[in-house]
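Results of the structural survey
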Amino acid sequence: MTERVFNFSAGPAVMPLPVLKEVQRDLVALPGVGMSILEISHRSPWFDDILAEAEENLRRILEIPSDYRVLFLQGGAQLQFSMVPINLLGPGRRAEYLLTGSWGKKAMAEAKREGDVHVAWNGKPDYVRVPRDGELDIQPGAEYLHYTSNETIEGVQFVVPPASAGAPLVCDASSDFLSASVDWERMGLLYACAQKNAGPAGMTVVVIQDQLLARRRDGLHSMLDFRAHAEAGSRLNTPPVFAIYVFLLITRWIEREMGGLAALARFNREKAEMLYRLLDDSGGFYSTHAERASRSVMNVTFRTATEDLDRELLQRADRRGLAQLKGHRSVGGMRASLYNALPQAGVEALCDFLEEFRSEHQRDPVGSARPVATAGAG
Ligand code: PMP
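Here goes a summary of the coordinates provided. (Residues numbered from 1 in each chain as written. Predicted model: local features only at pLDDT ≥ 70, side-chain atom pairs only at ≥ 80, totals over all residues. Heavy atoms only, no water.)

Quick notes on helix α2 (residues 45-62)
What counts is decided by this rule: To qualify as a helix, a DSSP run of H or I must reach at least 4 residues; to qualify as a strand, a run of E must reach at least 2; elements of each kind are numbered from the N terminus. One fewer than the residue count of a helix, multiplied by 1.5 Å, yields its expected span. Exposure categories follow from relative accessible area, calculated using a 1.4 Å probe and restricted to protein chains: below 20% of the type maximum is buried, above 50% is exposed, and the middle band is partly exposed.
Its 18 residues place the ends of α2 26 Å apart at the C-alpha level, agreeing with the 26 Å of an ideal helix rising 1.5 Å per residue. Residues of α2 that are buried: Phe 47, Ile 50, Leu 51, Ala 54, Asn 57, Leu 58, Arg 59, Ile 61 and Leu 62. Backbone geometry just after α2 places Glu 63 at a positive phi near 50°.

Written out as structure tokens, the structure reads:
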């Protein structure tokens, strides 16, 4: 198949077509350089320019204050589950964790290896919502409070950062990075893998406040030490040149073609609203996993009344060019990821298909004999 389909994957995910075309060209020869982007040295002047512009663009797009360092690392978001506590915890130090889904739980498990961890709120077992500030049990004196701004698997997202009782926030923003603005007010550290809104897998962005950097533990292995990476300007070893290059193209696309972050955030909200409206208006045929106030703009998790019907839906969607809609195995049902690069036409095509599928099954006497879900949790 050479035709592009609508790709609803949770990550690696859909990328902007103009960026893919540029990458295709630069894979053979970078204009003015005569070598592939895959062939240039990470110490070359060309990569100096790429790295500098990538950071500059990111700082402008996210309005990152000047007392924060930007690091381009490897190891994915999961290395940050370890690097954060390795740097910031240790004997006698404690962190708070908010568990609003599967990724936060994994992050907490790694932090426990490095120090004292207290769970300020736990949304288990189903993870259908984020907590209200008044529900948090935060003990004073924590080094940081870790939360996951968007839980990719469950489709649960914070609208505003949680309360932290004076502790700096550490945010895993992997699946809503670059989708809307960031409130830096109490943010100590924000990290995100690239493979949702920021390019191919292989690069992870860490934005860390100087104050927090200064508190990092001494005597760490260099590759696990935020300060060593900061001092080496993200070139402590060979960085993922290609992934950083694609990231640069994506930052340009955000500013030049999507009208900047505020416009992109509006676009994302509109796409999600269109899909949630259709699900809510389905008379209970579809139900969403997340409660209404905690629903993700990036990952829409939903189901029909039965697993058989979900399976049929997924097969038919796939044949219609609506790809990778299967929900994570721990949640089941469907998950439509509506990242930055998913066009409006993709959501419209999905809505048309879901509406058609519903009306067919509600007309069909066999289908209507099936139990219909009561309105979802949200
Ligand atoms: N955190 C979140 C919120 C994620 O969505 C993911 C990946 N899906 C991860 C962490 C893990 O990322 P990686 O595979 O890059 O380690």
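Now that the structure has been shown, the text picks up again.
What about the packing of aromatic side chains?
Quick note on the threshold: When the centres of two rings from Phe, Tyr and Trp lie within 6.5 Å, Trp using its six-membered ring, the rings pair. Their planes under 30 degrees apart give stacked, over 60 give edge-to-face, and anything left gives tilted.
Here the structure, examined in full by the defined rule, presents 10 aromatic pairs. Summarising the aromatic geometry, the rings of Phe 285 and Tyr 286 are spaced 4.8 Å apart at their centres and angled 85° between planes, so their arrangement reads as edge-to-face. Phe 285 sits in the buried class, given a relative accessible area of 5%. Judged by relative accessible area, Tyr 286 falls into the buried class, the value being 2%. Through a chain of ring-to-ring contacts, three or more aromatic side chains come together here, namely Phe 285, Tyr 286, Phe 302, Phe 353 and Phe 357.

Section: the site of the ligand
We apply this condition: Here a residue is near a molecule or strand as soon as one of its heavy atoms is found within 4 Å of it. By the criterion applied in these results, polar contacts are pairs of N or O atoms within 3.5 Å in which, for protein atoms, one can donate a hydrogen and the other can accept it, and in which residues neighboring in sequence qualify only through two side-chain atoms. Under the scheme applied here, ten amino acids are nonpolar (Ala, Val, Leu, Ile, Met, Phe, Trp, Tyr, Cys and Pro), four are charged (Asp, Glu, Lys and Arg), and all others, including Gly, are polar.
Surveying the vicinity of the ligand reveals 14 residues, the closest of which are Gln 78, Thr 152, Asp 172, Gln 195 and Lys 196. Residue Gln 78 places a main-chain N or O atom 2.8 Å away from an oxygen atom belonging to the ligand. Sorting elements by how many residues they give to the shell around the ligand places helix α3 (residues 76-88) first, with 4 residues. In terms of residue class, the shell around the ligand is made up of 4 nonpolar, 8 polar and 2 charged.

So, helix α4 (residues 102-111)
The criterion, for reference: Comment: arc refers to directions from the helix axis out to C-beta atoms. Residues are treated as being in contact if the distance between any of their heavy atoms lies within 4.5 Å.
Within α4, burial applies to Gly 104, Ala 107, Met 108 and Ala 111. All buried residues of α4 project into a common sector of 100° when viewed along the axis, lining one side. Packed against the buried residues of α4 are α3, β3 (94-99), β4 (116-122), β5 (145-148), β6 (150-151) and β9 (187-193).

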